Amino acid sequence: MRTVAVIVLALAFAGSAGAQTGKNLFGQFCAACHSVGPTRIGAGPGREMRQQDAAAPSLRGVGAMAADFYLSTGYMPLRKVGLEPRRSRKVLSPGEISELTSYVASLGGGPAIPSPHPERGTLSEGMHLFSDHCAGCHQIVGEGGYANGAVPPPLEDASDVQIAEAVRIGPWVMPTFTKKAITDKQLDSIIRYVDYAKHPDDRGGWAIGHLGPIPEGLVTWFIGAVLLVAFCMSLGKRLKSS
């Protein structure tokens with residue numbers, strides 16, 4: 001009994017210490033924009049309070065999923081409020097991300113971190129669903145693109161969990177897809193297709209970095225134009241010599 005009590009106390013202490021660490025990390029990296037108190041902390045260097053109020057949403061009720069996505073991708077913390085979040089080098093370690101995510105989740109209700117199972121999905125269904133819902137911005141090969149007011153990122157570095165989180169959260173200008181719009185089973189198929197698109201089977205073709213049909217078509221036309229010019233120059237020299 002004494003051993004069990006010691007273990008329980010140790011776990012409670014560890015949980016308390018982890019929560020305190022998460023709170024400290026929140027104060028260091030997040031509170032300047034996402035303050036959860038009755039008053040906001042200073043906007044920070046290079047940040048206008050007016051811009052901050054308009055750009056930084058409350059984190060109460062967002063749950064662990066949003067916090068994990070934005071931190072694990074390096075989207076947050078932003079260097080300047082108002083910028084489009086882009087994948088970058090993570091400032092926090094995996095352990096710190098876990099502690100900070102737990103603290104954000106403790107601020108209120110919200111979805112937990114998802115556990116997708118792409119092995120249960122269907123590749124062909126995933127391709128059709130990705131074409132319908134995602135390819136308009138990310139290209140059919142998941143190499144990113146351009147949209148009004150945003151630059152949809154390539155998906156080559158996105159993990160299965162991050163893909164599932166992005167679909168449910170809808171970061172930046174991306175729409176939010178509920179489980180009614182895309183079921184968990186369909187989401188598994190989408191993730192399976194994205195994983196395939198990262199390393200597709202290029203049988204009998206020249207991948208050209210998997211940039212997508214439009215850039216690859218432009219490369220084809222460029223090569224054809226060079227060959228045509230070379231042919232015309234060769235023909236001109238023969239006619240001139242004769």
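Residues numbered from 1 in each chain as written. Predicted model: local features only at pLDDT ≥ 70, side-chain atom pairs only at ≥ 80, totals over all residues. Heavy atoms only, no water.

1. Examining unusual backbone geometry
Inclusion rule: Numbering of helices and strands starts at the N terminus; helices are DSSP runs of H or I of at least 4 residues and strands are runs of E of at least 2. Three exposure classes are used, based on accessible area relative to the maximum for each residue type with a 1.4 Å probe and protein chains only: buried under 20%, partly exposed in between, and exposed over 50%.
Residue Met 76 is joined to Pro 77 through a cis peptide bond whose omega torsion reads 0°. Checked against the element boundaries, Pro 77 lands in the loop between helix H4 (63–72) and helix H5 (94–106). In this structure, Gln 139 is a non-glycine residue whose phi angle is positive, near 65°. Look at Gln 139 and you get partly exposed, because its relative accessible area is 22%. One non-glycine residue, Trp 172, adopts positive backbone phi at about 60°.

2. Quick notes on the pattern of salt bridges
Our working definition: The term salt bridge refers to a pairing of a side-chain nitrogen on Lys or Arg with a carboxyl oxygen on Asp or Glu at a separation within 4 Å.
Across all of its chains, the model carries three salt bridges by this definition. A salt bridge links Lys 179 to Asp 184, with the nearest nitrogen and oxygen atoms 3.5 Å apart. Given a relative accessible area of 55%, Lys 179 falls into the exposed group. Its relative accessible area of 39% is what places Asp 184 among the partly exposed residues. Between Lys 198 and Asp 195 there is a salt bridge, and its shortest N-O distance comes to 3.5 Å. With a gap of three residues between them, Lys 198 and Asp 195 both fall in helix H9 (residues 184–198), about one helical turn apart. Residue classification places Lys 198 among the partly exposed residues on the basis of a relative accessible area of 23%. Here Asp 195 falls in the partly exposed class, since its relative accessible area comes to 25%. Members of the salt-bridge network, linked through shared partners, are Arg 168, Lys 179 and Asp 184.

3. A short note on the confidence of the model for the protein chain
Atomic detail in the predicted coordinates should be set aside for any region of low pLDDT. Here is the rule we go by: Known as pLDDT, the predictor's confidence for each residue is given on a scale from 0 to 100. Throughout, a residue-residue contact means that at least one pair of heavy atoms, one from each residue, lies within 4.5 Å.
Mean pLDDT over the protein chain stands at 81; residues scoring 70 or higher make up 77%. Across the protein chain, helix H8 (residues 160–169) holds the top mean pLDDT of 98, while helix H3 (residues 49–55) sits lowest at 47. Confidence over residues 1–15 falls short of pLDDT 50; this stretch has zero contacts with residues more than four positions distant or in other chains. Scored below 50 in pLDDT, residues 38–54 makes 31 contacts in the model with residues more than four places away or belonging to other chains.

4. Re the state of the cysteines
The line we're drawing: Disulfide assignment relies on a single distance test, namely cysteine sulfur atoms paired within 2.5 Å.
Tallied over the full model, the rule gives zero disulfides. Not engaged in a disulfide, the cysteine Cys 33 finds its nearest cysteine sulfur in Cys 30; these two sulfurs lie 8.7 Å apart.

5. So, a nonpolar patch on the surface
Stated formally: Candidate patch residues must exceed 30% relative accessible area and have no salt bridge, after which like charges are joined if within 9 Å and Val, Leu, Ile, Met, Phe, Trp or Tyr side chains if within 5 Å. Accessible surface area values rest on a Shrake-Rupley calculation with a 1.4 Å probe, where residue burial reflects the displayed protein chains alone.
Together, Phe 222, Ile 223, Val 226 and Leu 227 make up a nonpolar patch on the protein surface, roughly 400 Å² of accessible area in all. Its location among the elements puts Leu 227 in helix H10 (residues 213–241).

6. Structural notes on the nonpolar core
Operational definition: Definition used in this section: a nonpolar core is a set of buried Ala, Val, Leu, Ile, Met, Phe, Trp, Tyr and Cys residues joined via side-chain atoms within 4.5 Å.
Membership of the largest hydrophobic core comes to 17 residues, with the highest contact counts inside it found for Phe 130, Ile 182, Leu 187, Ile 190 and Val 194. At the level of secondary structure, the elements contributing two or more residues to this core comprise helix H6 (123–133), H8 and H9. With six residues, the top contributor of residues to this core is H9. The contacts of Ile 182, once residues within four sequence positions are left out, are His 133, Val 167, Arg 168, Phe 177, Leu 187 and Ile 190. If you look at the next biggest cluster of nonpolar residues, it comprises 13 residues, including Leu 25, Leu 59, Leu 92 and Val 104.

7. A few points about the packing of H4 against H8
Angle between the axes and distance between the axes are the two parameters that describe a pair of packed helices. The test is simple: To obtain each axis, a line is fitted to C-alpha atoms, and for helices this fit is confined to the stretch in contact; angles are then taken between N-to-C directions over 0 to 180 degrees. Here the angle decides the label: under 35 degrees means roughly parallel, over 145 means roughly antiparallel, 65 to 115 means roughly perpendicular, and every other value means oblique. Here is the rule for handedness: rotate from the far helix to the near one, and if that takes an anticlockwise turn smaller than a right angle the crossing is left-handed, while a clockwise turn gives right-handed.
Contact geometry for H4 and H8: axes closest at 10 Å, N-to-C directions at 120°. Accordingly, the angle class assigned to the pair H4 and H8 is oblique. The handedness of the crossing between H4 and H8 is left-handed. Seen from H4, the contacting residues are Met 65, Ala 66, Asp 68, Phe 69, Tyr 70 and Ser 72; seen from H8, they are Val 161, Gln 162, Glu 165, Ala 166, Arg 168 and Ile 169.

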